[in-house]
Every structure is written in structure tokens, then in C-alpha cells.
Amino acid sequence: MSETHAPEGRLDVIHDIGYRHYEGPRLGVGYATRSLYTSSLRGAFGLGRSGKSKILPMAMAVIMAVPALIIVAVSIYVKMGKLPVDYPQYLTNLQFVTAVFTAAQAPVLLSRDLRFMTVPLYFSRPLRSSDYVRAKYAAMVSAVFILTMLPMLIMWIGSMLGSMDFGYNTKHFAFGVVAAALYSLVYAGLGLLIASLTPRRGFGVAAIIALFMVSAGVSGALRGVMHVTGHQAASFWVAMLNPGFLIDSTVSWMFDLPLRGNVAEMPTTLGGVAFLAEIAVLAAGAFVLLVRRYRKI
Amino acid sequence: MAVITTDNLTKRFPRVTALDHLSVEVQPGVVGLVGANGAGKSTLIKILLGLAPATEGTARVLGLDVATEGGAIRERVGYMPEHDCLPPDVSATEFVVHMARMSGLPATAARERTADILRHVGLYEERYRPIGTYSTGMKQRVKLAQALVHDPQLVLLDEPTNGLDPVGRDDMLELIRRVHREFGISVLVTSHLLGELERTCDHVVVIDGGKLLRSSSTADLTAATSLLAVEVTERQDDPAFDVNAALRARLAEAGLTVGADSGHVLLVELNGDEVYDVIRDAVAELGVGLVRLEQRRHHISEVFAAGAHATDGADKAEEVAHV
């Protein structure tokens, strides 16, 4: 290595083709994680991607928002003085939209990097696997939260424009925000966990949809059986089997809202506490399993 | 200062030892890491990036300990993997900007550095097209660009010429030389093609079965031997005549030591300048043409073959490859 220069001799080198060294700041892991969060959140809505990848997420956002707009417009027009649908109730009614959005977009966040083997490039940088998972999880939670908050905001702003009861609407809007947050945490966690298992986006989408549908079917059938066999009082427990029913029951229990959705029985106090614990376990468990999934790449 | 130092570095997997007490020192420059598939190259790179713990021994990259300072190492090192790693639906510019930000560069700097580095690796207008439309050579350049965009002090290139045609291969090797010569970035490049490394590297490290076979400068490895290679044409009028045998006899008669390699080439021991004259005269007297008269050089492959025989490493390497 006679005529080669050591790194410390860099300043003496004449760069005749103009290679410039980078002397500026290196912002480290926190910045990289935030950048990954931002780009992943944009990616969840197809922003910065091809037109085709915007279709589904944007369609889901529109489907989520349009009924809220109609409800608001009609209530104001006929001077109802009250929205016909309660805030958390609206999210229960449109659970399938949230589920489809999660199923379609969670694989966008993870399967791409697995399929095109981009993951090792991230981990050859200062980012650790836990930073990667943190950024992706936060992005997916934010995406579902934006989706579910969209109609909540439309309804609340509409109620204000229609001079409806400020106190009642704001209180129930807050219930809606809590419900939206719980949907975001649980749906994003389950969706990402499944998506992380396959590099094939199609498989991921199908598996996530299957999880929501099969668990709803099993839960409903089991409730039917319990009703027929006279175990009606305990039948609220079946809500634990489906993420949507679980959140619906929990929110109704927490805020003592009338049950009009998929689950007809109010959980007991023990049930409500157990439901809350299950939500916490699902959200935290998904995160922990994802970190473990990416530890060995 | 050494760029990479390993001391007794060992990595054991449940069924196989990938690195076996490897102690080696790599100086700044272009350094080749040679080994058969499964010789432990990729395991070594993972350990050097601080992504896998060593079972035993220590390693330092740019003076930083791989066990405790992995983050600091990965900030200063670039890595180009052997496998595909590019999403097809984004442009080279978008992708490299993203990877620059993942290395901690602010948005504006990431864009400037991306434009610079894509020009340096030879991607111009096509950098705005989706990567899916690129040729293999262009994809390799994007992979190299993402390893260089944050201006590392060292890049680890894993089989960068894989899948390239001969022209693309030459371009990539020239680019690798420039990374060191013009950018002042040290390079560790792995390959199983020895000829490539002879041309590109200042120094070559040969590992096999996780063991160090040899670490020396390319100049040493390819030094001139004291053998002259002599090759002559056949007789036009009498193709059946064994020219080599006749030449051999004449040279032996003149007191020279003559051997032969596998082909039509005689190897004559060079123990003085007069040997050239003797050979010239002998060839002239036989009335044949002289195709080649040159001093033999060593090839890296000789080291590798000799080492593999000595340690029976080939079997071991195969064993690793099966896992």
C-alpha cells in the first residue's frame, strides 16, 4: 500500500473529479427513526408512491368519511339538534373499513422491505431493529388513527356548525377519540405482526382479513350457542375473540354507552377490566414479538 | 492505523464453526477478502458491522470495538450486500435519499449527497426512473451509491461484481479503485474470483473454513518467480514433429533446468541473463516461431490451492456452505 493515502491524510488529496467529503451534521438514531416514521406514514396512504398505490387507502378514507358527512348534513338540514349516531358507535358500524385498510396497508409497511430484502440496508446503519419496529408501529398506529379520527372530526365540527349541544358532543367526541386510539393500537399491532411473517404482500392482506373475519364468525357463533344453552349472562366474554367486538365492548363499558353494535351484552366489571388488559397485551405483545422477529436478520 | 483488526475472532453456530480464531489486520486501501462460498466472509462482515456477536475473540473497525460500539461503526461504514436489496417501484434518487436520511443526514444534505454520489457512480438521467427498469449493472451502481452516500471512512462490498457481464465487471472494478484513489475511502471487497482481486486490491486476505490462510500484499502474492515461460509454434512442414521435446533436449544440453506446465509451455529456470540468449538460439536453430518468452508470476490461486490442501479446508468450506 505504498502510494495510497491514509484516512487522516484526506485533506491533502486533490479531488480533480470533485468528490466532496461530507462535513455536515450526522443526526443519529433518533432522527433516522423519525424519518422512517414519516416516510412509512406517508407510504401507508400511498403518498410519494405511484398513483396506483394511493387508490385503496384513499378509497377507504373516503368511505370512512362520506357517511359522516351525510349524517352531519342531514342532521343540520332537518334541524335534528342531535347526531343520530354516537361517536364510538360510528366506528363500530364502519369496523370493516378499518379492517380492510389495516389488511391492505400493514403489508405495505413491512412486506416490501422483506420482499426486496431492503431490511439489511437499514440494519447496516445506526438504526437498531427495535428502532425500525418502533418507527413502523408508530406509523401504522398513526395511519389507522388518522383514518378513524377523520369521521370523528367531521361529526364534531358538524355538530358545532349545527349549534348542537357543545358539552354532550365534546364529551362523546372524546369517547370517540379513545375508541379511535384503541382501534389504532390493536389493529396496527395485529396487522403488522402478521405482515412481518411473509414477504408476499398478497398473503399478508389475505391473512389479516381472515383474522378479522374468522374471529368475528367464531365469536358470533359461540355467542349464539351460549344464548341457546342458557348462558346468556356470560356471553359477553366472547367479545374477547374478535378485536372489533373487544374494543366495542370495552369502550361501551368504560363510558357506559348503550350497546347497539355487534355485542348485545355489557361486560361485568371483571369483564371490562379483563378486556382492557387484553387490549394492552395485544398492543404490547405485538410490539415485543415484532422486535423479536427483526432481531435476527 | 489499521482499518480492521480481528484478534482470535471465532464464531460458532450450533452445527458449524464459521470463523475459527481469525487474527488479521487490514490497513487502509483496497483490501480483498477471498474465500470459497461459505468460507466465513458474510459472517465476518456481520460481526464487523456489530450485527452479530462473536463467540470468542475481539474485533475493531476504525478503532471501535464491534461488541460495544456497533452504532458508531455503522455511522462511519458503508455496506453493499451481495443480494438484491432495491425496491423496484421507486427511483434511484428517491431510494438513495431515503437511505442517506437513515444514516442521519439532514434532508437537504441527503439530496445534495445523493445527486453527487449518483453522478460519481455513473448514473445520470436514468436516476429519475423506477429502479425496476434498470440493468444489472445500473442496479449494482445504485447499491454502491447507497453504501457511499453518507461519506463513510470504510465500505464493505460483498461480491460487487456478481451477475455482471465482462464489461460491467471491468467498470465496477475501476469504480472500486476510484472509491479509494479519488474518494479516499478504504474498501474491503469480497470475491470468489481471484483474478479480479489481483487487479483491484492492494492487499489480499484469504480465508477458508473460517481460518486465515494468508494475508499479504497483492504485489507479494503475484511476485515474479525465477521461471521463464517459453512457448513455440509447431513446424509448418512437419506438424508431427515434437518441437517441445526437441527444444527441451537442446536446453538441457546447454545446462538449463527445464520443466513443463500442463500445456505447451516449457518452464525454464532463470539463473542469469544469458539464459534468454540460449533459448533464443535454440529456438532459431529448430526453425520454429517463438510465441512467448516471459517471466512467470505467481497467482493468488496458488496460495489458495496450497492452503486448501494443507488444511483440508475445502471440505470444511463445503460443510459450511451446506448449512
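Residues numbered from 1 in each chain as written. Chains lettered and ligands numbered in written order. Predicted model: local features only at pLDDT ≥ 70, side-chain atom pairs only at ≥ 80, totals over all residues. Heavy atoms only, no water.

**A look at the packing of helix α2 (residues 51-77) of chain A against helix α6 (residues 129-161) of chain A**
Residues and elements named next belong to chain A.
Now for step 1: Where α2 contacts α6, the two axes come as close as 9 Å, and the packing angle between them is 15 degrees. As judged from the angle between their axes, α2 and α6 are roughly parallel. The handedness of the crossing between α2 and α6 is right-handed. Of the residues in α6, those touching α2 at M60, A61, M64, A65, A68, L69, V72 and I76 are L147, T148, L150, P151, I154, M155, G158 and L161.
Now for step 2: The residue makeup of the contact of α2 with α6, split by class, is 14 nonpolar, 2 polar and no charged. (Axes fitted to C-alpha atoms, helices over the stretch in contact; angles between N-to-C directions. Helix = DSSP H or I, 4+ residues; strand = E, 2+ residues; numbered from the N terminus. Parallel < 35°, antiparallel > 145°, perpendicular 65-115°, else oblique. Left-handed = near helix turned anticlockwise from the far one by under 90°. Contact = heavy atoms within 4.5 Å. Nonpolar A, V, L, I, M, F, W, Y, C, P; charged D, E, K, R; others polar.)

**Here we look at the layout of surface pockets**
Now for step 1: The calculated volume of the second largest pocket comes to roughly 610 Å³.
Now for step 2: S39(A), G48(A), R49(A), E94(B) and H98(B) are, among the 26 residues lining the second largest pocket, the residues nearest its centre.
Now for step 3: For the lining of the second largest pocket, the elements supplying multiple residues, two or more each, are α1 (28-44) and α4 (95-115) of chain A together with α3 (92-102) and α4 (107-120) of chain B. (1 Å grid on protein atoms, 1.4 Å probe; cavity = no way out; pocket = protein on both sides within 12 Å on 5 of 7 lines; lining within 4 Å. Points joined across faces, edges and corners; volume = space filled by probe spheres on them.)

**Looking at the sheet that holds strand β1 (residues 4-13) of chain B**
Pairing between the strands of a sheet is mediated by backbone hydrogen bonds and can be parallel or antiparallel.
Residues and elements named next belong to chain B.
Now for step 1: One open sheet accounts for 4 strands, arranged β2-β1-β4-β5; its pairing is antiparallel. What marks the edges here is a single partner per strand, and that holds for β2 (16-26) and β5 (64-65).
Now for step 2: Pairing geometry for β1 and strand β4 (residues 56-61), over 5 bridges, is antiparallel. What sits directly across from I4, in β4, is V61.
Now for step 3: Sitting on the sheet, helix α1 (residues 41-48) is in contact with β1, β2 and β4, with an inclination near 115 degrees to β1. (Pairing = 2+ DSSP bridges.)

**Quick word on the side chain of S196(A)**
All names here are of chain A.
Now for step 1: Position of S196 among the secondary structure elements: in the loop between α7 (166-195) and α8 (201-228).
Now for step 2: Polar side-chain contacts of S196 include one of 2.8 Å to the backbone oxygen of L193.
Now for step 3: The residues touching S196, leaving out its near neighbours within four places in the chain, are L110, L114, L290, R293 and Y294. (Polar contact = N/O pair within 3.5 Å; in protein donor to acceptor, adjacent residues only side chain to side chain.)

**Quick notes on the pattern of salt bridges**
Now for step 1: One pass over the full model with this rule turns up 21 salt bridges over all chains.
Now for step 2: Three or more residues joined by partner-sharing salt bridges are found here, namely E174(B), R178(B), R181(B) and E182(B). (Salt bridge = Lys/Arg side-chain N within 4 Å of Asp/Glu carboxyl O.)

**Considering the packing of aromatic side chains**
Any two aromatic rings considered together are summarised by their centre-to-centre distance and by the angle between their planes.
Residues and elements named next belong to chain A.
Now for step 1: For the structure on display, the rule yields 14 aromatic pairs over all chains.
Now for step 2: Relative to Y132, the ring of Y122 has its centre 5.3 Å away and its plane inclined at 55 degrees; by these criteria the two rings are tilted. With Y122 in helix α5 (residues 119-123) and Y132 in helix α6, this residue pair connects regions lying 10 residues apart in the sequence. Summarising the burial analysis for this pair, Y122 and Y132 share the class buried.
Now for step 3: Geometrically, the ring pair formed by W156 and F173 is stacked, given 5.3 Å between the ring centres and 25 degrees between the ring planes. Here W156, found in helix α6, pairs with F173, found in helix α7; they are 17 residues apart in sequence, far enough to count as distant. (Phe/Tyr/Trp six-rings, centres within 6.5 Å; stacked < 30°, edge-to-face > 60°. Buried < 20%, exposed > 50% of the residue type's maximum accessible area, 1.4 Å probe, protein only.)

**What to know about helix α6 (residues 166-181) of chain B**
Residue and element names in this part refer to chain B.
Now for step 1: The end-to-end C-alpha distance of α6 is 23 Å, a good match for the 22 Å that 16 residues give at a rise of 1.5 Å each.
Now for step 2: Residues of α6 that are buried include every one of G168, M172, L173, L175, I176, R177, R178, V179 and H180, and no others.
Now for step 3: Considering only its buried residues, α6 is in contact with β3 (30-34), α4, α5 (136-148), β7 (154-158), β8 (186-191) and α7 (194-200). (Expected span 1.5 Å × (residues − 1).)

**Considering the environment of L41(A)**
Now for step 1: Along the polypeptide, L41(A) turns up in helix α1.
Now for step 2: Separated by 12 residues in sequence, L41(A) and V29(A) place their C-alpha atoms 18 Å apart.

**A closer look at the interface of chain B and chain A**
Now for step 1: Chain B puts 53 residues into the contact, and the matching count from chain A is 38 residues.
Now for step 2: Taking both partners together, chain B and chain A bury about 4100 Å²; carbon and sulfur atoms supply 55% of that area.
Now for step 3: Ranking the residues of chain B by area buried against chain A places R74(B), M102(B) and D151(B) at the top, with a combined share of 15%.
Now for step 4: Applying the counting rule to chain B against chain A returns 2 salt bridges.
Now for step 5: Where D89(B) meets R112(A), a salt bridge forms, and the shortest distance between an N and an O atom there is 2.6 Å.
Now for step 6: The tally of links between chain B and chain A comes to 21 residue pairs in polar contact (both at pLDDT 80 or more).
Now for step 7: For the side of chain B that touches chain A, the secondary structure elements donating two or more residues are α2 (70-76), α3, α4, α5 and α6 of chain B. (Buried area = accessible area lost by both parts, 1.4 Å probe.)

**Side note on the confidence of the model for chain B**
Should pLDDT be low for a region, the predicted coordinates there are not to be read in detail.
All names here are of chain B.
Now for step 1: When the pLDDT values of chain B are averaged, the result is 86; 92% of them are 70 or greater.
Now for step 2: In this model, residues 310-323 is a region of pLDDT below 50 whose contacts with residues beyond four sequence positions or in other chains number 19 contacts.
Now for step 3: Scored by ipTM, the complex comes to 0.85, with pTM at 0.82. (pLDDT = per-residue confidence, 0-100.)

**Concerning the nonpolar core**
Now for step 1: Core analysis: the biggest nonpolar cluster contains 126 residues, and Y90(A), Y132(A), Y294(A), F95(B) and V142(B) have the highest contact counts within it.
Now for step 2: Discounting residues that sit within four places of it in the chain, V142(B) has contacts with L86(B), A92(B), F95(B), V96(B), L123(B), I131(B) and Y134(B). (Core = buried A, V, L, I, M, F, W, Y, C linked by side-chain atoms within 4.5 Å.)

**Considering empty space enclosed by the protein**
All names here are of chain B.
Now for step 1: As enumerated under the stated definition, the model contains 2 cavities of 30 Å³ or more in all.
Now for step 2: Of the volumes computed, that of the second largest cavity is approximately 60 Å³.
Now for step 3: Considering the residues around the second largest cavity, the lining is formed by I4, T6, V24, V26, L33, L44, L48, L188 and V205.
Now for step 4: Of all elements in the fold, only β1, β2 and α1 reach the threshold of two or more residues within the lining of the second largest cavity.
Now for step 5: For the lining of the second largest cavity, the residue count by class is 8 nonpolar, 1 polar and no charged.

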